[in-house]
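Report on the structure
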Amino acid sequence: MKDFLLSHSVILADGPAASSSVPQPGRAAPGALADAVNLVLGIAGWAGTAAGVAGIIITGAMMAVSMKRGEGSEHLSRLGMVLGGCVLVSTAGPTIAFVFN
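Residues numbered from 1 in each chain as written. Predicted model: local features only at pLDDT ≥ 70, side-chain atom pairs only at ≥ 80, totals over all residues. Heavy atoms only, no water.

1. Here's the deal with the overall build of the chain
On a plain count of helices and strands, the chain comes out with four helices and zero strands. For the chain, buried positions account for 7% of its 101 residues. Total accessible area computed for the chain in this model is approximately 8200 Å², and 73% of it derives from carbon and sulfur atoms. (Helix = DSSP H or I, 4+ residues; strand = E, 2+ residues; numbered from the N terminus. Buried < 20%, exposed > 50% of the residue type's maximum accessible area, 1.4 Å probe, protein only. Areas by Shrake-Rupley, 256 points an atom, 1.4 Å probe, with all protein chains shown as cover.)

Now the structure itself:
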């Protein structure tokens, strides 16, 4: 098996790809693509923030109505889910920047 792998690595090293230069793309995206991606990510971030604020307002209103009826605080778990989503939206960019830089 070792001879088989060795012979194939020699063939690949001596093939036409070894003599031609392999392009090495940079880390930065082309200008037009970067602008489009930044626009889409900006809209998604704004929509996520708006959804989080709306979720907190709706959960608070539901909690107020349920307290008036005398029901328990079952909406605290819903508030925890909304706040967890807000944390995910707000930390998505810094987390990805930390991982890839």
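The structure having been displayed, the exposition proceeds.
2. Brief notes about the environment of Gly-52
Looking at the element boundaries, Gly-52 is found in helix H3 (residues 31-69). Through-space distance from the C-alpha of Gly-52 to that of Cys-86 is 5.5 Å; in sequence the pair is 34 residues apart.

3. A word on the environment of Met-63
Relative to the helices and strands, Met-63 is located in helix H3. Spatially, the C-alpha atom of Met-63 lies 8.1 Å from that of Leu-76, the residues being 13 residues apart in sequence.

4. Topic: helix H4 (residues 75-100)
Taking 1.5 Å per residue, 26 residues should reach 38 Å; H4 reaches 37 Å between its end C-alpha atoms and fits that length. Along its length, H4 reaches its greatest deviation from straightness, about 45 degrees, at Thr-91, and the proline Pro-94 lies no more than four positions downstream. (Expected span 1.5 Å × (residues − 1). Bend = angle between axes of the 7 residues up to and from the residue.)

5. What about the packing of H3 against H4?
For any two helices packed against each other, one specifies the inter-axial angle together with the distance between the axes. For the pair H3 and H4, the least separation of the axes is 9 Å and the interaxial angle reads 165 degrees. As far as their axial angle goes, H4 and H3 are roughly antiparallel. The handedness of the crossing between H3 and H4 is left-handed. Each of Gly-45, Gly-48, Thr-49, Gly-52, Gly-55, Ile-56, Thr-59, Met-62, Met-63 and Ser-66 in H3 lies in contact with H4, whose residues at this interface are His-75, Leu-76, Arg-78, Leu-79, Val-82, Leu-83, Cys-86 and Val-89. Along the lines of polarity and charge, the residues of the contact of H3 with H4 split into nine nonpolar, eight polar and one charged. (Axes fitted to C-alpha atoms, helices over the stretch in contact; angles between N-to-C directions. Parallel < 35°, antiparallel > 145°, perpendicular 65-115°, else oblique. Left-handed = near helix turned anticlockwise from the far one by under 90°. Contact = heavy atoms within 4.5 Å. Nonpolar A, V, L, I, M, F, W, Y, C, P; charged D, E, K, R; others polar.)

6. Some remarks on a nonpolar patch on the surface
Among the surface-exposed residues, Ile-96, Phe-98, Val-99 and Phe-100 lie close enough to one another that they form a single nonpolar patch of about 490 Å² accessible area. Following the sequence through the fold, Ile-96 ends up in helix H4. In this structure Ile-96 comes out as partly exposed when scored by relative accessible area, which is 47%. (Patch = residues over 30% accessible without salt bridge, like charges linked within 9 Å, V, L, I, M, F, W, Y side chains within 5 Å. Salt bridge = Lys/Arg side-chain N within 4 Å of Asp/Glu carboxyl O.)

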